[in-house]
Amino acid sequence: MTTYDHDEGARGPSRRKVLECMTWAGTGVLWTVAGGVPASLGIIDSALAQQPKAFTFLQISDSHMGFDKPANPNAKGTLEEAIGRVKALPVKPSFMIHTGDISHLSKPSEFDDAERIISQARLDVHYVPGEHDLIDDERGKLYLDRYGRGTKGAGWYSFDANGVHFIGLVNVVDLKAGGLGNLGNEQLEWLEDDVKGRSASQPIVVFAHIPLWTVYPDWGWGTEDGARALGYLKKFGSVTVLNGHIHQVMQKVEGNVTFHTARSTAFPQPAPGSAPSPGPMKVPDDKLRSMLGIASVMFKQNEQRLAIIDTPLQG
Amino acid sequence: MNCVAGVAAVLLLAATPAWADDAAIKIGNFTFGPKELKVKSGTTVTWINEDDIPHTVVSPDNFKSKALDSEDKFSFTFTTPGTYKYFCSLHPHMTGTIVVEATTGSIVSP
């Protein structure tokens, strides 16, 4: 699932780096979420300096390459700005996750643009699809050809990094009339098996496009069988669920589970119920970049804290 | 039916004599309008997407559009009376119903 560079020679160093960093303390983790809108990434820098074994990864979401409507006629430009921010980070993140809607209409040219821009970050990227990525004539073949290597079913998979278990889920296929996002039985059985036998103290990060918890069912913002997935993760001391789809930051802590959604890099969407529909929200030009952005997630060893820091492109 | 066929159907509609039934459904603000539509058998219904987000029109086993970008259209001609429930497979909270009634004079008791 790493698409930054398929050349084996280029992948080696990052793998070695992962091994070097695999010194997670293995204790239960109490999550602290630092949300809001910090002006810089200084918090992460200073924390990393104090905690040499801490690591960060980045989340980007909803690039919507090909989108050119009034809410943002230049989604390519704002993705470039987001990647520019990633490149400018003083401490290089371990990797990036992309929580879907890479493209707007699943066109090859849109995936090409995303690849060209995102690869400039020179980071491994782990993708899951959004519903916009599976609307080619063959319903997802283009996505799977590009991003699906080593995945199961519609593109789900898991991997370990720095002692943390990452699980990428697909909840945008086979949606039922009147319903929400959907994982389906096959994927859920895979998930149950995937986490079986793992130590309850291992931190878990789940990422998927549509929020796994019910944000606003009237707009379809939730996952029909998300609760069953979370049931399989009950025993774990710390679970972080990262989603996109709703193009705004939202978070909730429930027991050991932290839910968090990231901004889009393309266009904002309204707060639940604040508009007639969840469609792209047109804001004044000088406000747009304050509503687009990226998220950094930091694990700190020993301090038993995880911080998610959302950074807008501007403001 | 694909988009090209959809467009062809629309062109066909334009060329059909005025007595032919047709009906339009607008997709806007993530809703089908009207949400419920009653038509006579033989009617061609055309959906047009007026949102800035793609949608689909899907009635399992009956009809299925491709993803409709903004301003794209999809048409389907209903020839069999009955109730057709459909939804957007990308945003499944969007649902609608077409009720197709038999054309007067063509009701044949089995």
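Everything numeric here is computed off the predicted structure, so don't read it as measured data. (Residues numbered from 1 in each chain as written. Chains lettered and ligands numbered in written order. Predicted model: local features only at pLDDT ≥ 70, side-chain atom pairs only at ≥ 80, totals over all residues.)

Undergrad: What is the right way to look at the overall build of chain A in this model?
TA: Across its full length, chain A holds eight helices and eleven strands. For chain A, the residues scored as buried account for 48% of the 315 residues in total. In chain A, the share of contacts with a sequence separation of at least 24, taken over all contacts with a separation of at least 6, comes to 73%. (Helix = DSSP H or I, 4+ residues; strand = E, 2+ residues; numbered from the N terminus. Buried ≥ 20, exposed ≤ 12 C-beta atoms within 10 Å, placed from the backbone. Contact = placed C-beta atoms within 7 Å.)

Undergrad: Which parts of the structure should I look at to understand the interface of chain B and chain A?
TA: Size of an interface, as often reported, equals the accessible area lost when the parts are brought together. Counting from both sides, the interface comprises 17 residues of chain B and, opposite them, 18 residues of chain A. Considering only residue class, the side of chain B that touches chain A consists of seven nonpolar, six polar and four charged. (Nonpolar A, V, L, I, M, F, W, Y, C, P; charged D, E, K, R; others polar.)

Undergrad: Hey, could you run me through the sheet that holds strand E8 (residues 250-254) of chain A in this one?
TA: Two strands in a sheet stick together by hydrogen bonds in their backbones, pointing the same way (parallel) or opposite ways (antiparallel). All names here are of chain A. What the six strands build is an open sheet, ordered E4-E5-E6-E7-E9-E8; its pairing is mixed. Of all strands in the sheet, those with a lone pairing partner are strand E4 (157-161) and E8, marking the two edges. Sheet twist, expressed as the average angle between the axes of neighbouring strands with direction ignored, equals 15°. As defined by bridge partners, E4 adjoins strand E5 (residues 164-168) across five bridges and the pair is classed as antiparallel. Counterpart to tyrosine 157 in the pairing with E5 is glycine 168. (Pairing = 2+ DSSP bridges. Axes fitted to C-alpha atoms, helices over the stretch in contact; angles between N-to-C directions.)

Undergrad: Which parts of the structure should I look at to understand the sheet that holds strand E7 (residues 73-77) of chain B?
TA: Residues and elements named next belong to chain B. Strand order in the open sheet made by the four strands is E2-E1-E4-E7, with mixed pairing throughout. Here the strands that pair on one side only, and so sit at the sheet edges, are strand E2 (31-33) and E7. On average, each strand axis in the sheet is tilted by 20° relative to the strand beside it, whichever way the strands run. Relative to E2, strand E1 (residues 22-28) is paired through three bridges, and the arrangement is antiparallel. Paired with glycine 28 across the strands is threonine 31, a residue of E2.

Undergrad: Would you take a moment to explain the pairing of E5(A) for this structure?
TA: Remember that side chains alternate between the two faces of the sheet whenever the strand is regular. All names here are of chain A. Burial analysis of E5 places five of its five residues in the buried class, which makes it a mostly covered element. Because side chains alternate across E5, one face comprises the buried residues Val164, Phe166 and Gly168, and the other comprises His165 and Ile167, equally buried. Linking E4 to E5, which pair antiparallel, is a turn of two residues; within it asparagine 162 sits at a positive phi near 55°. Both E5 and strand E6 (residues 204-207) contribute to a ladder of four bridges, which runs parallel. Bridge pairing links glycine 168 to phenylalanine 207 in E6. In this fold, the crossover linking E5 to E6 by way of helix H6 (residues 185-195) has right-handed handedness. (Right-handed = clockwise from strand over helix to strand, strands pointing away.)

Undergrad: Can you help me understand helix H4 (residues 108-118) of chain A in this one?
TA: All names here are of chain A. Looking at H4, one finds that the buried residues are Glu110, Phe111, Asp113, Ala114, Ile117 and Ile118. Down the axis of H4, the buried set is contained in an arc of 155°. They therefore lie on one face. For H4, exposure combined with an orientation more than 90 degrees from the buried face picks out Pro108 and Ser109. At its buried positions, H4 is contacted by helix H3 (75-87), strand E3 (125-127) and helix H5 (141-147). (Arc of directions from axis to C-beta.)

Undergrad: Explain the packing of H3(A) against H4(A) here, please?
TA: When two helices pack together, their arrangement is captured by the angle between the axes and the distance separating the axes. Residues and elements named next belong to chain A. Where H3 contacts H4, the axes come no closer than 9 Å and their chain directions differ by 25°. Taken together, H3 and H4 sit at an angle that is classed as roughly parallel. Crossing of H3 over H4 shows right-handed handedness. Of the residues in H4, those touching H3 at Lys76, Leu79, Glu80 and Ile83 are Asp113, Ile117 and Ile118. Residues belonging to the contact of H3 with H4 are distributed by class as follows: four nonpolar, no polar and three charged. (Parallel < 35°, antiparallel > 145°, perpendicular 65-115°, else oblique. Left-handed = near helix turned anticlockwise from the far one by under 90°.)

Undergrad: I keep staring at H6(A) and nothing clicks. Help me out?
TA: Residue and element names in this part refer to chain A. Regarding H6, the residues found buried are Gln187, Leu191 and Val195. Along the axis of H6, the buried positions cluster into a sector of 55°, meaning they face one direction only. Exposed and oriented more than 90 degrees from the buried face of H6 are Asn185, Glu189 and Asp193. Count one or two residues on from H6 and you reach glycine 197, which has phi positive near 85°.

Undergrad: Would you explain the environment of Phe95(A) in this entry?
TA: All names here are of chain A. Mapped onto the fold, phenylalanine 95 is located in the loop between H3 and strand E2 (96-98). Classification of phenylalanine 95 as buried rests on a count of 23 C-beta atoms within 10 Å. Separated by 33 residues in sequence, phenylalanine 95 and aspartate 62 have C-alpha atoms that sit 17 Å apart. Excluding residues within four positions of it along the chain, phenylalanine 95 makes contact with Phe57, Leu123, Asp124, Val125, His126 and Ala161.

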